[in-house]
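Residue-level structural notes
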Amino acid sequence: MKKALYFEILNYKKENLDLLYDNFEVIRLNNPSMITPDILKEVSVMFAPLGYFYGENIFSESPNLKIIATNTTGVPHIDIEHAAERGIKVISLKDEKEFLNTITPTAELTMGLIINITRNMIPAMKSVLEGKWSRWEFGGQAMLSRMSLGIVGLGRLGIMVARYATVFGLKVSYYDPFIAHNAEWSYKRVESIEQLVSDVDIVTVHIPINKENRHLFNKGVFSKFKKGSYFINTARGEVVDSEALIEALENGIIKGAALDVLDGEFESDFSGRVLFHPLVQYAKTHNNLLITPHIAGSTEDAWYLTQRHVIEQTIEYMRRF
């Protein structure tokens with residue numbers, strides 16, 4: 001039976017671990033920092049969590065490695081080119097469009113964050129817990145049906161959010177230079193990110209992280225936001241310059257922001273220093289910044305299905321060896 005390397009920090013569901021054990025001899029480690037050369041020599045399959053990089057240093061020590069698998073839509077943690085050179089198959093959710101169209105929690109949370117931040121739900125709840133019962137200081141800026149939404153990145157998730165937002169009555173515009181506009185869409189195409197953010201009441205981000213997108217939302221872009229607008233990010237923390245966002249919140253250009261991601265979150269020691277992150281420090285003393293710990297895809301069924309899909313693909317591919 002082929003050997004598969006699994007890391008406890010992946011937190012796979014029991015049923016999915018059972019499927020692994022039914023098909024592989026499983027080697028379990030807490031995290032990739034515990035890998036040894038002897039283990040690498042044995043494994044044919046490796047399941048790769050975020051927060052660690054899998055490149056030539058791993059591949060060169062893994063003569064039997066056939067698959068490196070990850071139940072993520074992005075693969076910034078895997079050296080795709082070196083894997084291909086060594087004949088190692090990379091299995092991920094990146095191009096699984098039909099399957100991913102059934103996985104909706106990130107788009108759902110985006111709408112939840114929009115409602116939470118525009119309706120002041122967290123400070124209102126805190127007020128009740130402090131023994132106060134008054135609605136007047138928590139009035140929202142406007143009904144969603146009277147507001148406009150700007151989507152940066154109209155891929156799979158952007159389209160989902162656009163559809164959900166339309167049901168709420170939001171007028172939807174988008175910026176995405178990499179797709180062709182569909183004449184059947186009711187969404188307005190905008191040709192620059194600066195134009196988009198200056199026109200809409202709410203901006204939501206659904207783009208991958210790459211060299212071009214790092215700190216796409218910087219001081220210059222935030223300065224173009226419509227005064228009193230809102231900013232939502234469920235994509236990647238690195239697309240935002242944290243200090244520039246804080247400045248935009250402090251000077252009132254942005255009325256509120258809701259983030260499900262922070263830059264640096266995939267570094268192995270992030271949990272131990274999250275309280276010192278500048279955005280977390282700001283949120284501790286301000287009510288106009290809401291931060292959740294990357295829970296966008298976190299529903300029990302989504303976890304099960306995405307893990308299962310990658311495991312099943314891995315099993316199918318390994319049948320040829």
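Above this text is the structure in question.
In what follows, the accompanying structure is described. Predicted model, so just to flag it, every value in this text is computed and none were measured. (Residues numbered from 1 in each chain as written. Predicted model: local features only at pLDDT ≥ 70, side-chain atom pairs only at ≥ 80, totals over all residues. Heavy atoms only, no water.)

Attention now moves to the packing of helix α1 (residues 14-23) against helix α14 (residues 300-318). Closest axis-to-axis distance for the α1/α14 pair is 9 Å, and the angle between their directions is 10 degrees. Taken as axis vectors, α1 and α14 run roughly parallel relative to one another. Residues Glu-15, Asn-16, Leu-19, Leu-20 and Asn-23 of α1 lie in contact with α14, whose contacting residues are Trp-303, Tyr-304, Gln-307, Arg-308, Ile-311, Glu-312 and Ile-315. Considered class by class, the residues forming the contact of α1 with α14 number six nonpolar, three polar and three charged. (Axes fitted to C-alpha atoms, helices over the stretch in contact; angles between N-to-C directions. Helix = DSSP H or I, 4+ residues; strand = E, 2+ residues; numbered from the N terminus. Parallel < 35°, antiparallel > 145°, perpendicular 65-115°, else oblique. Contact = heavy atoms within 4.5 Å. Nonpolar A, V, L, I, M, F, W, Y, C, P; charged D, E, K, R; others polar.)

Moving on: the packing of aromatic side chains. Considering all chains together, one arrives at eleven aromatic pairs under this definition. Relative to Phe-225, the ring of Phe-222 lies with its centre 5.3 Å away and its plane at 45 degrees, an arrangement referred to as tilted. In terms of burial, Phe-222 and Phe-225 fall into one category: buried. Members of the aromatic cluster, joined through ring pairs, are Phe-217, Phe-222, Phe-225 and Phe-231. Lying over the aromatic face of Phe-321, Lys-66 brings its terminal NZ or CZ to 5.5 Å of the ring centre. Its end group placed over the ring of Trp-136, Arg-135 keeps NZ or CZ at 5.3 Å from the ring centre. (Phe/Tyr/Trp six-rings, centres within 6.5 Å; stacked < 30°, edge-to-face > 60°. Buried < 20%, exposed > 50% of the residue type's maximum accessible area, 1.4 Å probe, protein only. Lys NZ or Arg CZ within 6 Å of the ring centre and 35° of its normal.)

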